[in-house]
Amino acid sequence: MTGRVYPDPPPFGAPKFAKTEKNVFAARTMSASLPRIRILATGGTIAGAQTGDRARGYRAGAFSVEALIAAVPQLAALAALEVEPVAAIGSQDMDDATWLRLAARTQAAADDSAITGVVITHGTDTMEETAFFLNLVVRTAKPIVLVGAMRPATAMSADGPMNLYNAVAVAADPAAVGRGALVVANDEIHFAREITKTNTTQVGTFRSGHRGLAGLVNNGRLHLYGPPVRRHTTASEFTLAGISALPRVDIIYAHAGMDRKLIDAAVQAGARGLVLAGVGDGNAGSLALRAAAEAAAAGIAVVRSSRTGGGVVERNIETDDDTSGFIAADELNPQKSRVLLMLGLTCTADPRVLQEYFFSY
Ligand code: SIN
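Residues numbered from 1 in each chain as written. Predicted model: local features only at pLDDT ≥ 70, side-chain atom pairs only at ≥ 80, totals over all residues. Heavy atoms only, no water.

Focus on the site of the ligand
- Every residue near the ligand is listed here: G44, T45, Y58, G90, S91, Q92, G123, T124, D125 and A149.
- In the complex, 95% of the free accessible area of the ligand, which totals 250 Å², lies under the protein chains.
- Among the residues making up the shell around the ligand, the classes are represented as two nonpolar, seven polar and one charged. (Near = heavy atom within 4 Å. Areas by Shrake-Rupley, 256 points an atom, 1.4 Å probe, with all protein chains shown as cover. Nonpolar A, V, L, I, M, F, W, Y, C, P; charged D, E, K, R; others polar.)

Points about the sheet that holds strand β17 (residues 301-306)
- In space, the four strands of this open sheet follow the order β15-β16-β17-β18, with parallel pairing throughout. Whereas interior strands pair on both sides, the edge strands pair on one side only; in this sheet they are β15 (249-253) and β18 (327-328).
- Where strand β16 (residues 273-278) lies against β17, six bridges are found, and the strand directions are parallel. Residue pairing in the sheet places G278 in a bridge with S306 of β17.
- Those strands touched by helix α8 (residues 334-345) are β15, β16 and β17, and its axis lies near 165 degrees from that of β16. (Pairing = 2+ DSSP bridges. Helix = DSSP H or I, 4+ residues; strand = E, 2+ residues; numbered from the N terminus. Contact = heavy atoms within 4.5 Å. Axes fitted to C-alpha atoms, helices over the stretch in contact; angles between N-to-C directions.)

Points about the packing of helix α5 (residues 261-268) against helix α6 (residues 286-297)
- In the contact formed by α5 and α6, the axes pass within 8 Å of each other and the chain directions differ by 20 degrees. Taken together, the axes of α5 and α6 lie roughly parallel to each other. Seen along the crossing, α5 lies across α6 with a hand that is right-handed. Of the residues in α6, those touching α5 at I263, D264 and V267 are A288, A291, A292 and A295.
- Across the contact of α5 with α6, the residue classes break down as six nonpolar, no polar and one charged. (Parallel < 35°, antiparallel > 145°, perpendicular 65-115°, else oblique. Left-handed = near helix turned anticlockwise from the far one by under 90°.)

Some details on the side chain of D250
- Along the chain, the position of D250 falls in strand β15.
- Among the polar contacts listed, one links the side chain of D250 to the side chain of R248, at a separation of 2.9 Å.
- Each residue touching D250, except ones within four places of it in the same chain, is listed here: A266, A271, G273, L274 and V275. (Polar contact = N/O pair within 3.5 Å; in protein donor to acceptor, adjacent residues only side chain to side chain.)

Re the pattern of salt bridges
- Tallied over the full model, the rule gives 17 salt bridges.
- Between R36 and E82 there is a salt bridge; the shortest N-O distance is 3.1 Å. Of this pair, R36 sits in strand β3 (residues 36-43) while E82 sits in strand β6 (residues 80-89), and the two are 46 residues apart along the sequence. Summarising the burial analysis for this pair, R36 and E82 share the class buried.
- The salt bridge partner of R105 is E84, with a shortest N-O separation of 2.5 Å. You can see R105 sitting in helix α2 (residues 96-111) and its partner E84 sitting in strand β6, a full 21 residues away along the chain.
- Its relative accessible area of 30% is what places R105 among the partly exposed residues.
- Residue class for E84 comes out buried when judged on its relative accessible area of 6%. (Salt bridge = Lys/Arg side-chain N within 4 Å of Asp/Glu carboxyl O. Buried < 20%, exposed > 50% of the residue type's maximum accessible area, 1.4 Å probe, protein only.)

Here's the deal with the side chain of D330
- Residue placement: D330 occurs in the loop between β18 and α8.
- Here the side chain of D330 touches R230 through a polar contact of 2.9 Å, side chain to side chain.
- Other than its neighbours up to four places away in sequence, D330 contacts R193, R230, G311, V312, V313, F358 and F359.

Focus on the domain arrangement of the chain
- The assigned domain composition of the chain is domain 1 (3-235) and domain 2 (249-360).
- For domain 1 versus domain 2, the distance between C-alpha centres works out to 32 Å.
- Residue-level contacts link 17 residues of domain 1 with 16 residues of domain 2.
- Taking both partners together, domain 1 and domain 2 bury about 1,300 Å²; carbon and sulfur atoms supply 56% of that area.
- At the boundary of domain 1 and domain 2, one finds four salt bridges.
- Between the two partners, domain 1 and domain 2, sit 13 residue pairs in polar contact (both at pLDDT 80 or more).
- Only α2 and α3 (127-137) provide two or more residues apiece to the side of domain 1 that touches domain 2. (Domains from an automatic or database assignment. Buried area = accessible area lost by both parts, 1.4 Å probe.)

Rendered as structure tokens:
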């Protein structure tokens, strides 16, 4: 373990909230000497309320971030907090327009010289996609930390308060600079590229596969491991300047008995890219592969990823990618392949260049 251990945070003090600039920032702490963290709120279970005392169901985004902060008075000793609402949605409703808005607000926060780091509250369902998107389009070395919770704020043993505390601690720490977008949950720090959600309900849902964790965070104390391996943020070539909409990319889930109809339907719907959540090594039956090759020949980018949840999809192993014009997803799962392909298609439709993106990011 190569991590750094920080001393215990200073003793907890009472929160000091003063409402200022009502339209933009709903709450702001007043300490001048502490690192200043801007929290961008998007909703999710972390801000959710159960529908009944013992209910499993909940309303996403029912609480404001100010209410979440007020539930963690220990935050006042960690950082001066600013809050900016961006959305109040369950992350299953996260869409391209909200991504573009969130990326712009994250960039604005990062460009503010008074801000040390950015925390984004977000539902866990699509958090890995949003984190990877921001990892590729926001130009900053400052920490960008996404945080959510598996249990609603009103649940027994809610995980949101500690996750939020740890997320602010990571965003405020100079050691987190230059590591791209991160996700903090369940005392773990994950790189945006590596993290995936693996369990429907458990608090330990997030995993970071082959390349492992970015670090641990225990009650605000960071233990950081190796740096991220691929290009991100300041080294990314993707920009949203002048972009008001992203290209349509559909994910097609492969299965036994698959025919070509869903692929043809995606092409008909105007997809400029397809990601195959392939069986095994990014594979599919011959009918589906023929339809995918026809799509590629028509100029639609086709990426072969895998539905297995692990491993690398390499070129030309079981499938002749060179002949079919396919792109191998390398290490990215289907949902992250979709994010990279959308951004890649803002630059080029050339499958050879798109393939290089999958080897670089
Ligand atoms: C969501 O992603 O908004 C719902 C699930 C969660 O936040 O854990």
